[in-house]
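Fold and geometry: a report
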Amino acid sequence: MAAAGAWEPVIGLEIHVQLKTRTKMFCRCASGYGVGGGENTQTCPVCLGFPGALPVPNRQAIDWTIKLGLALDCEIASRAVFSRKNYFYPDLSKGYQISQYDLPFCRNGTMIVPTEHGDHRVGIVRAHLEEDAAKTVHVGGARGRIGGAEISLVDFNRGGTPLVEIVTAPDIGSSDEAKRFLQLLRQTIVELGISDAEMEKGTLRVDANVSIRPKGSTELRTRCELKNMNSFSYVARGIDAEVARQIGVWESGKELRQETFDFDGASGTLTPRRSKEEADDYRYFPEPDLVPIEPSAELIARLRAELPELPATRIRRVEQALDLEQSMVLVSGGLDRLWEATVAAGAGGKAAANVIANNLVGARVDPSAVSPGELAALISARDRIPRQAFDQAIGKLAEPGFSAAPYLADEAVSDEALLEPIVDAILAANAAQVEAYRGGKTGLLGFFVGQVMKETGGKANARAVNDLVTKKLAG
Ligand SMILES: [Zn+2]
C-alpha cells in the first residue's frame with residue numbers, strides 16, 4: 001500500500017461551459033440542446049466551414065464571457081483576439097477551431113474556496129471564448145467510445161456553439177477542494193444566467209490535470225490529464241484514483257509518463273487515451289476573418305454593476321453559522337438566501353439548514369416560492385408537529401398563500417370532540433388499511449393522519465390527530 005501521507009496532490013482544472021445564447025458563436029443558426037429538427041438541421045455554410053463563409057461574432061457570448069471573467073475577479077483584456085487552433089478531426093470540418101490564444105478576454109483571476117483550514121485562493125489563469133466542435137457518435141463500440149466502434153456519425157448541430165474555457169492554476173490540493181471549487185463555479189455560472197451548466201447534458205465539462213509531489217515541496221512533477229468525467233463526484237473519485245496510481249508509479253522507482261486518461265466513474269477505472277498535443281502542434285495564428293475586439297470601459301463597468309453577490313462571497317458569511325459541509329450544500333444549491341431569510345424570521349440556524357437542505361430539497365420545493373416567515377414558524381414548532389404533518393406542510397410550502405398556522409399546535413383544532421367523528425369516518429372508510437395496520441404495517445399511520453388532515457382542510461392539530469388515530473387503531 002502506498003504511503004499517501006508522504007505525497008500531496010497538485011490539481012488544475014479546465015472547465016468548458018456552453019453558453020446558452022439563442023444563436024451560435026459565429027453564425028445565426030439556433031444554438032443549444034433541444035433546438036429540435038433532428039441531427040444536422042441547425043447548420044449553415046459558416047458553421048459547416050464552407051470555403052469563403054465569413055464568421056460574425058456573437059455579442060451576447062462576448063458580454064457573458066466578460067461577465068464571467070469579472071465574477072472570477074479576472075483582468076479584462078483591452079484588446080482580445082480570436083485565433084485559429086489548427087487540427088484535424090471529423091467533428092471539425094474547417095480543419096481549425098476559432099478559439100483564443102495569447103490574447104483571451106479574461107486573465108489572472110481568483111476564486112476563493114473554503115476548506116477545513118480556512119479560505120484557499122485558486123488562481124484563474126484565463127477564461128477564453130471559442131466555438132464548440134460538432135458531436136461525434138460512435139456506434140457499435142463499447143460505451144459509445146471510438147475504440148472498436150463499427151461506424152462513427154457526426155452531428156453538426158453542436159458545431160459552432162459558444163463555449164467558454166476556464167483554466168485554473170495548479171492550486172487545488174485535494175479532490176474535495178476540486179469538487180467544492182466546481183460546485184461554487186457552477187452555481188456562479190447558473191446565477192449569472194449564462195449557462196445551465198449541467199454536466200449530464202454536457203453544457204459543463206471538466207478535465208483535471210493531476211500530479212503529485214512530496215509533501216511540503218514546491219516542485220511540479222509530470223502531470224496526467226483526466227477526461228470524460230460526467231459528475232462532480234466522478235471528478236473527485238477520478239482524481240483520487242489517479243493520485244493513487246501516481247503514488248504507486250513513483251514509489252516503485254519508475255518515471256511517470258505524461259498521459260491522458262478517460263475515467264469511468266461506474267467502474268472506477270482509468271483508460272489511457274492519445275498522447276497530449278503541445279500548443280506548438282496547433283499552429284495558432286490570429287483569425288484573419290475577425291478583427292480584434294476591444295471591450296470599452298463602459299461595457300465592463302455596466303457588466304460589473306450587473307453582478308449579483310456571488311456564491312464564493314456568500315459562503316464566507318454562511319460558514320460563520322454552520323459547518324463547511326452544510327454551508328456548501330446551501331450555497332452551491334442556491335438555498336442560502338432562503339436560509340438567511342428564514343433565520344432572520346426567527347428559525348435556528350442549524351435547524352433551518354437541516355430542513356432546507358433535506359426536507360425542502362427532498363420534497364422538490366422551489367425555494368424561491370417559499371415564505372421565510374411561514375417556514376420559520378414551521379421549523380420553530382417542529383418538535384410539536386408529528387413527522388407526517390411536518391412533511392406534508394413542507395410539501396405545500398411553495399403553494400400560493402400557504403399558511404403554517406393550521407400545523408402549529410397552539411393554533412390548530414385539537415379538540416378531541418371535534419376530531420373524533422372525522423377520525424372514525426376515515427377509519428371506517430379504510431377498513432383494509434386498518435386491518436393491515438393492526439397486522440403490523442404500522443407505517444400506515446401517516447396515511448390515516450394525512451387523510452384526516454385532508455378532511456379538515458389542514459386545520460386540525462396534526463399531533464392531536466396522530467395521538468387520536470394511534471389510540472383508535474390500538475383499540
Ligand atoms: Zn451556422
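Bear in mind the structure is a predicted one, so any value in this text is a computation, not a measurement. Starting from 1, residues in each chain are numbered consecutively following that chain's sequence as written. Given that this is a predicted model, residues contribute local features only at a pLDDT of at least 70 and side-chain atom pairs are listed and counted only at 80 or more, while totals for whole chains, interfaces and linings are drawn from all residues.

Quick look at the overall build of the protein chain
What counts here: Per the convention used, a helix needs a DSSP run of H or I reaching at least four residues, while a strand needs a run of E reaching at least two, with both numbered from the N terminus. Three classes are used. A residue is buried when 20 or more other C-beta atoms lie within 10 Å of its own, exposed when 12 or fewer do, and partly exposed in between, with C-beta atoms placed from the backbone.
A tally of regular secondary structure across the protein chain gives 15 helices and 14 strands. If one aligns the C-alpha atoms of the protein chain with their principal axes, the spans along those axes are about 85 × 55 × 50 Å. Buried residues in the protein chain amount to 39% of all 475 residues.

Let's talk about helix α11 (residues 387-395)
Convention followed: Residues are scored as being in contact if the C-beta atoms we place from backbone atoms lie within 7 Å.
Ala389, Phe390, Gln392, Ala393 and Ile394 are the residues of α11 that are buried. The inward-facing, buried residues of α11 contact α9 (349-362), α10 (372-380), α14 (445-455) and α15 (462-474).

As for unusual backbone geometry
For Asp73, which is not a glycine, the phi torsion comes out positive at approximately 60°. If you trace the backbone, Asp73 turns up in the loop between α2 (59-71) and β2 (75-76). One non-glycine residue with positive phi stands out, namely Asn108, at about 55°. Here Asn108 is to be found in strand β5 (residues 106-115). Asn108 gets classed as partly exposed once you count the C-beta atoms within 10 Å, which come to 14.

Focus on the environment of Gln392
Relative to the helices and strands, Gln392 is located in helix α11. Looking at Gln392, the number of C-beta atoms within 10 Å reads 20, which means it is buried. Here the alpha-carbon distance between Gln392 and Met453, two residues 61 residues apart in the chain, equals 9.4 Å. Not counting the four nearest positions on each side in its chain, Gln392 is found in contact with Gly450 and Met453.

Here we look at the sheet that holds strand β13 (residues 269-272)
To keep it simple, the criterion reads: If DSSP finds at least two bridges between two strands, the strands pair.
Overall, mixed pairing links the nine strands, which are arranged β2-β5-β6-β9-β1-β10-β11-β12-β13 in an open sheet. Edge positions in the sheet fall to β2 and β13, since each has one partner strand and no second. Sheet topology note: the strand β1 (residues 7-18)/strand β10 (residues 204-214) ladder contains 11 bridges and is antiparallel. Looking across to β10, one finds that His16 is bridged to Arg205.

Thoughts on the sheet that holds strand β3 (residues 83-86)
Taking strand neighbours across the sheet as the criterion, the three strands line up as β4-β3-β14 in an open arrangement whose pairing is antiparallel. At either margin of the open sheet sits one strand with a lone partner, and together these are β4 (96-99) and β14 (285-286).

Considerations on the nonpolar core
Threshold: Nonpolar cores are identified as sets of buried Ala, Val, Leu, Ile, Met, Phe, Trp, Tyr and Cys residues joined via C-beta atoms within 7 Å.
Among the nonpolar cores identified, the biggest contains 116 residues, and Ala178, Phe181, Val235 and Val465 are the most heavily contacted of them. When neighbours within four sequence positions are excluded, Val465 is seen to be in contact with Leu419, Val449, Val452, Met453 and Ala460.

A few points about the pairing of strand β12 (residues 260-264)
The cut-off we apply is this: Seen with its strands pointing away from the viewer, a crossover is right-handed when the path leading from the first strand over the helix to the second is clockwise.
Along β12, the buried face is formed by Phe261 and Phe263; none of Thr260, Asp262 and Asp264, which line the opposite face, is buried. Bridge count between strand β11 (residues 224-229) and β12: three bridges; the pairing is parallel. Looking at the pairing, Lys227 lines up with Asp262 of β12. Read from β11 through helix α4 (residues 232-251) to β12, the crossover connection turns out left-handed. When β12 meets β13, the two strands line up antiparallel, connected through four bridges. Paired with Asp262 across the two strands is Thr271, which belongs to β13. Remark: four residues form the turn of the hairpin made by β12 and β13, two consecutive strands paired antiparallel; Gly268 in that turn has positive phi of roughly 75°.

So, the environment of Arg126
Along the polypeptide, Arg126 turns up in strand β6 (residues 118-131). Through-space distance from the C-alpha of Arg126 to that of Pro104 is 7.0 Å; in sequence the pair is 22 residues apart. Beyond its immediate stretch of four places on either side in the chain, Arg126 contacts Pro104, Cys106, Arg107 and Val167.

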